[in-house]
Amino acid sequence: MYSRTADAAIGLALGAFLALPLVAVGQEASDAGTLTKEAATAAFPAKPPYSPYAGRNYPTRPYFGDTHLHTSYSFDAGTFGARLGPREAYQFARGDEVTSSTGQRVKLSRPLDFLVVADHSDNMGLFPMLIGGAPQVLADPSGRRWYEMIQKGEGGKAAFEIIAMFGEGKFPPALQVAPGTPAYRDAWQDTIKAAEEYNDPRRFTAFIGYEWTSQGAFNIHRNVVFRDDAARASQVVPFTVDPPAGSANERDLWKWMQAYEDKTGGDVLAIAHNGNLSNGRMFPLIEYFTGKPMDRTYVEARNKWEHLYEVTQMKGDGETHPFLSPTDEFANFEIWDQGNLDNSVAKTKDMLKFEYARQALMNGLKVESQLGVNPFKFGMIGSTDSHTGLATAEEDNFFGKVTTMEPSAERLTKVFLKNPKTGLVKMEWEVAAAGYAAVWATENTREAIFDAMERRETYATTGPRMAVRFFGGWDFAATDALSRNPAMVGYSKGVPMGGDLSAAPAGKSPRFLVAALKDPIGANLDRIQIVKGWLDAKGE
């Protein structure tokens, strides 16, 4: 790509070279031959190529995918009736027609470009034992009751019991499928094997990953995504929540990630989601486990490992809330604000400012002014969190959050969740058909997509596949927006979404270059809305 920056760099390089003693130029030959001024000039053309597409080394299209899909290998998904495993999930995401767990034929309108099967790390592999009536399951009273409920068609009710007991730390020890057990080993290795089988570089990317499901009902959950293949990922087992092998503290997850990279030379990242159901725990200024303000160690670790946030999915939108953004008429979009994940604890307004992404970005600036590091410096993506094995996020092709919510005449009137303690109710129609992750990568491979996620060159959609460009810089002019190739201008004069601007030149304010194209089979775009957050002179 030709740019003013590149041209200036070439000029500086030549100037430095030509400043050598003139006797050395044109007279001394190296083993590569004699370099003359004419030859050097010819090696670095002063003009860009005639073709505007030649030599481009920046991303030219967004790749769309889902970083948060559950299959029957997740204990809750399986209990709800999911029978599709990782292989069927990858087949569906790449565009194949499959049969859903309720026997319905289903296919995406267009293939996705990538998928992360992110089954829960705790009790991975439990469900096949539960539905099969394994002796160790039937020997436990809870296990027998759940098995019998599933056989009677009450899997949804059993699933809520399982989720509640897990979230409250009361899951029966005898039923734990922990790392080191044959069932756990087999489930993890098969998860890895499925990703390897369906990864097709430059056509479809199948990532290895899992979900760390901390503080269950308060949704301090992270999806862990590997850049690597089976050779590295097979050297470890997922980090879990239950001790002694696991922990509910995110600091310990980050230590596990560091240990993985140290051991294998690999690369992983963590993506948090559903702060809207955390009751104020997702973006804290006071750590939940210590009761003290975040320290430098915490903010450095979070800044290192969590470059992205899943801002929209089936369990509501997490960008902002009407209470936090009263002048934004779109702030009430797909809001879930009754309580925590299972509605066992009702929401209060003082929790909201520690749950939503816009406020977190501003709180991060404040923390950075105090500790020198921003713990909430994240890009945004969407994903589904579907527990059906089907990554659907379109209203006319939506197969629900769980298998019991797959298309039927009753799903508009059915209760999804009713907590007996609080009486709070969530209906199935309130479950959002959302979302997808959009990634500006140079090609459709694990490495390129992962690297784009790490540099935060991403955005979230609730399902439509619009193309959005956003650049920041100091020298953009109004005429730059008239270019039919805004990326060439954007990358040469500024930085893309997720990037860092250099120190402001004297007397200049940042300028932004924005471009958007509608989804070819979606609705027209209504507007571009840019939201500004800042610290004032008082640090507020």
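Structural data are supplied above this passage.
Being a predicted model, the structure only gives us computed values, none of them experimental. Within each chain, residue numbers correspond to sequence positions counted from 1 in written order. Local features are withheld for residues below a pLDDT of 70 in this predicted model, meaning they are given only at 70 or higher, and side-chain atom pairs are given and counted only at 80 or more; totals for whole chains, interfaces and linings count all residues. The basis for every side-chain value is the complete set of heavy atoms in the structure, and neither hydrogens nor water enter the calculation.

**Q** Please explain the overall build of the chain as it appears in this structure.
**A** Helical segments are the DSSP runs of H or I of at least four residues, strand segments are the runs of E of at least two, and each set is numbered from the N terminus. Across its full length, the chain carries 15 helices and 18 strands. Taking 540 residues into account, the globule formula puts the C-alpha radius of gyration at 24 Å, and the chain, at 26 Å, falls close to it. Within the chain, the proportion of its 540 residues that are buried is 51%. For the area figures, the Shrake-Rupley method with a 1.4 Å probe applies, and any residue is considered shielded solely by the protein chains shown. If you sum the accessible surface of the chain, you get close to 24700 Å²; carbon and sulfur atoms cover 56% of it. Separation between the mean location of the 57 positive side-chain charges and that of the 66 negative ones in the chain comes to 3 Å. Each radius of gyration is computed over the set of C-alpha atoms, and the globule rule expresses the reference value as 2.2 Å times the number of residues to the power 0.38. When a residue's accessible area, from a 1.4 Å probe over protein chains only, is under 20% of the maximum for its type it is buried; when over 50% it is exposed; and in between it is partly exposed. Only four residue types enter the tally: Lys and Arg on the positive side, Asp and Glu on the negative side, with His and both chain ends excluded. For the purpose of locating charges, the reference atoms are NZ of Lys, CZ of Arg, CG of Asp and CD of Glu.

**Q** Sorry if this is basic, but what is going on with the nonpolar core here?
**A** Soluble globular proteins: nonpolar side chains tend toward being buried together. Among the nonpolar cores identified, the biggest contains 78 residues, and Tyr90, Leu115, Trp146, Tyr210, Phe226 and Trp256 are the most heavily contacted of them. Here this core gets seven residues from one element, more than from any other, and that element is helix H9 (residues 182-198). Excluding residues within four positions of it along the chain, Trp256 makes contact with Tyr210, Val224, Phe226, Val236, Val237, Pro238 and Phe239. Among buried residues, those of type Ala, Val, Leu, Ile, Met, Phe, Trp, Tyr and Cys that are joined through side-chain atoms within 4.5 Å constitute a nonpolar core. Among the nonpolar cores identified, the runner-up in size contains 18 residues, and Phe114, Val116, Ala437 and Phe450 belong to it. Whether two residues are in contact is decided by their heavy atoms: any pair within 4.5 Å suffices.

**Q** Would you mind going over the sheet that holds strand E1 (residues 61-69) with me for this structure?
**A** Where strands meet in a sheet, backbone hydrogen bonds hold them as pairs that are either parallel or antiparallel. Strand pairing requires that DSSP identify at least two bridges connecting the strands. Spatial strand order, E5-E4-E1-E14-E15: five strands in an open sheet with mixed pairing. Bordering the open sheet on either side are strand E5 (205-207) and strand E15 (458-461), each of which pairs with just one other strand. Between one strand axis and the next, the sheet turns through 25 degrees on average, direction left out of account. Only the stretch in contact is used when a helix axis is fitted, and all axes are lines through C-alpha atoms; the angle between N-to-C directions ranges over 0 to 180 degrees. Sitting on the sheet, helix H4 (residues 86-93) is in contact with E1, strand E4 (114-117) and E5, with an inclination near 160 degrees to E4.

**Q** Would you take a moment to explain unusual backbone geometry for this structure?
**A** Both trends apply: most residues other than glycine have a negative phi, and most peptide bonds are in trans. The omega angle of the peptide bond from Pro243 to Pro244 is 5 degrees, so this bond is cis rather than trans. When you line up the elements, Pro244 lands in the loop between helix H10 (230-233) and helix H11 (250-264). Omega for the peptide link from Ala434 to Gly435 comes to -10 degrees, which places this bond in the cis form. One can find Gly435 in the loop between strand E13 (425-427) and strand E14 (436-441). Its identity as a non-glycine residue notwithstanding, Asn123 has a phi of 60 degrees, on the positive side. Turning to its location among the elements, Asn123 is positioned in the loop between E4 and helix H5 (126-131). Residue Asn123 is classed as buried on the basis of its relative accessible area, which comes to 1%.

**Q** For this particular structure, what's the right way to read the packing of aromatic side chains?
**A** The geometry of an aromatic ring pair is captured by the separation of the ring centres together with the interplanar angle, meaning the angle of the planes. When two rings of Phe, Tyr or Trp (its six-membered ring) have centres within 6.5 Å they constitute a pair, described as stacked for plane angles under 30 degrees, edge-to-face for angles over 60, and tilted for the intermediate range. All told, the structure shown has 26 aromatic pairs when counted by the stated rule. Relative to Tyr459, the ring of Phe64 lies with its centre 6.5 Å away and its plane at 90 degrees, an arrangement referred to as edge-to-face. Placement of the pair is Phe64 in strand E1 and Tyr459 in strand E15, with a sequence separation of 395 residues. For Phe64, a relative accessible area of 6% gives the class buried. These aromatic residues form a ring-pair network of at least three members: Trp188, Tyr210, Phe226, Trp256 and Tyr260. For a ring to carry a charge above it, either NZ of a lysine or CZ of an arginine must fall within 6 Å of the ring centroid while also lying within 35 degrees of the normal to the ring plane. Sitting over the ring of Phe218, Arg281 keeps its end group 3.7 Å from the ring centre. The residue whose ring lies beneath Lys532 is Trp534, and the NZ or CZ to ring-centre distance is 5.4 Å.

**Q** What exactly am I supposed to notice about the sheet that holds strand E18 (residues 511-517) here?
**A** In spatial order, the strands read E17-E16-E18; together these three strands make up an open sheet with antiparallel pairing. On the outer flanks of this sheet lie strand E17 (494-496) and E18, each paired with one strand and no other. For this sheet, the mean angle separating the axes of adjacent strands, direction not counted, is 20 degrees. Of the pairings in the sheet, the one linking strand E16 (residues 467-473) to E18 comprises seven bridges and is antiparallel in character.

**Q** I keep staring at the pattern of salt bridges and nothing clicks. Help me out?
**A** One side chain can pair with another of opposite charge once the charged atoms of both are near each other. Here a salt bridge means any side-chain nitrogen of Lys or Arg lying within 4 Å of a carboxyl oxygen belonging to Asp or Glu. All told, the structure shown has 35 salt bridges when counted by the stated rule. In this structure, Asp252 and Lys255 form a salt bridge, with 3.9 Å as the shortest nitrogen-oxygen distance. In this pair, Asp252 and Lys255 are both assigned in helix H11, three residues apart and thus about one turn of the helix distant. Residue Asp252 is classed as partly exposed on the basis of its relative accessible area, which comes to 27%. Of the charged contacts in the structure, one is a salt bridge between Asp500 and Lys377, with a shortest N-O distance of 2.9 Å. Placement of the pair is Asp500 in the loop between E17 and E18 and Lys377 in the loop between helix H13 (357-371) and strand E11 (379-382), with a sequence separation of 123 residues. For Lys377, a relative accessible area of 29% corresponds to the partly exposed category.

**Q** Is there a simple way to explain the packing of H4 against H9 in this structure?
**A** To characterise two packed helices, one gives the angle between the axes of the helices and the distance between these axes. Where H4 contacts H9, the axes come no closer than 9 Å and their chain directions differ by 25 degrees. One finds that H4 runs roughly parallel with respect to H9. Helix-helix and strand crossings are classified by hand; for H4 and H9 the assignment is right-handed. Of H9, the residues touching H4 (which contributes Pro86, Arg87, Tyr90 and Gln91) are Asp190, Thr191, Lys193, Ala194, Ala195, Glu197 and Tyr198. For classification, angles of less than 35 degrees are called roughly parallel, those exceeding 145 degrees roughly antiparallel, those between 65 and 115 degrees roughly perpendicular, and all remaining angles oblique. Handedness of a crossing is defined here by the sense of rotation of the near helix relative to the far one, left-handed for an anticlockwise turn of less than a right angle and right-handed for a clockwise turn.

**Q** What exactly am I supposed to notice about the side chain of His321 here?
**A** Among the structural elements, His321 can be located in the loop between strand E10 (316-317) and H13. Classification of His321 as buried rests on a relative accessible area of 8%. Contacts described as polar in this section are N or O atom pairs within 3.5 Å, which, within protein, must combine one atom able to donate a hydrogen with one able to accept it, while residues neighboring in sequence count only if both atoms come from side chains. Among the polar contacts made by the side chain of His321, one reaches the side chain of Asp337 at a distance of 2.7 Å. If we skip the residues at most four places from it in the chain, His321 touches Ala331, Ile335, Asp337, Leu352 and Tyr356.

**Q** What exactly am I supposed to notice about the environment of Pro496 here?
**A** Note that Pro496 resides in strand E17. On the accessibility criterion, Pro496 (19% relative accessible area) is buried. With sequence-adjacent residues up to four places away left out, Pro496 is seen in contact with Glu457, Phe470, Phe471 and Tyr491.

Note that every value here comes from positions in space, so none of it alone points to a role or purpose.
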